[in-house]
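Working through the structure, step by step
The residues making up each chain are set out below.
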Amino acid sequence: MTMTGLRLFGYKTNVKILAAISITYGASIWIIRGVYQYYHIPLGSHSLILTVILSFLIKMIGKVNWGTALGAALVSFSLVMLGGGMSIVIIQYFQLDVTNVLSNPWLHVLMGYTEIVFLALMLIINKVFGFTLTRSQEIHK
């Protein structure tokens, strides 16, 4: 998420920074989901909290401005949500039961990979064509 988000805003960062953000963010996801499960809070608002956390981590560890940090987090989250929608379409198309998908490790992982399809696609488009969300602004200046 971090790499795709930053690349779409024209930033290339090194592996150490990406690893630091990823590990910290992964721990944050684990903690937030644990708190939600412990207190029986319905999922939904956790995405907003995780977006804020990712923005903060990109700003502090990635050392970019707040606009870029928030933009990178929002764009990458949007791409993941789009992939999540694709997972739902696949589940409905094949008439799968969501509880069976979540209880089957292979199906669960497969649905997780469909959630990152658009992240990977945008990263490939960035790499091959040099596409960024800010390029059109640079051309017109």
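Residues numbered from 1 in each chain as written. Predicted model: local features only at pLDDT ≥ 70, side-chain atom pairs only at ≥ 80, totals over all residues. Heavy atoms only, no water.

Structural notes on the packing of helix α4 (residues 66-93) against helix α7 (residues 117-129)
Threshold: Think of each axis as a best-fit line through the C-alpha atoms, taken over the contacting stretch in the case of a helix, with angles from 0 to 180 degrees between the N-to-C directions. Each helix is a run of H or I in the DSSP string that is no shorter than four residues. Each strand is a run of E no shorter than two, and both are numbered from the N terminus. Note on angle classes: values under 35 degrees are labelled roughly parallel, values over 145 roughly antiparallel, values of 65 to 115 roughly perpendicular, and the remainder oblique. Contacts are assigned to residue pairs that have any heavy atoms within 4.5 Å of one another.
Interhelical geometry of α4 versus α7 gives an angle of 130 degrees and a closest axis separation of 7 Å. Accordingly, the angle class assigned to the pair α4 and α7 is oblique. Of α7, the residues touching α4 (which contributes S76, L79, V80, L82, G83 and M86) are V117, F118, L119 and M122.

What about the environment of A72?
Of note, A72 is situated in helix α4. Counting along the chain gives 21 residues from A72 to T51, while the straight-line C-alpha distance between them is 9.7 Å. In contact with A72, other than residues within four places in its own chain, are G5, L6, F9 and I58.

Brief notes about the packing of helix α2 (residues 15-38) against helix α3 (residues 45-62)
Convention followed: A crossing counts as left-handed when the near helix is turned anticlockwise from the far one by less than a right angle, and as right-handed when that turn is clockwise.
Remark: α2 packs on α3, axes separated minimally by 10 Å, with the N-to-C direction vectors making an angle of 155 degrees. Of the possible angle classes, the one that applies to α2 and α3 is roughly antiparallel. For α2 against α3, the interelement crossing comes out right-handed. Mapping the contact onto sequence places I17, A20, I21, T24, Y25, S28, I29, I32, R33 and Y36 in α2 and S45, H46, I49, L50, I53, L54, L57, I58, I61 and G62 in α3.

Let's talk about the nonpolar core
Using the following cut-off: By convention a nonpolar core is built from buried Ala, Val, Leu, Ile, Met, Phe, Trp, Tyr and Cys residues, the set being connected through side-chain atoms within 4.5 Å. Working definition: with a 1.4 Å probe on protein chains only, accessible area under 20% of the residue-type maximum means buried, over 50% means exposed, and in between means partly exposed.
Y25, L54 and I58 are the most contacted members of the largest nonpolar core, which totals 15 residues. Listing elements by their share of this core, those giving two or more residues are α2, α3 and α4. Excluding residues within four positions of it along the chain, Y25 makes contact with M1, L50, I53, L54, L57 and F77. Listed in part, the 5 residues of the second largest apolar core include L8, L79, L119 and M122.

Distances and angles like these do not, on their own, reveal function.
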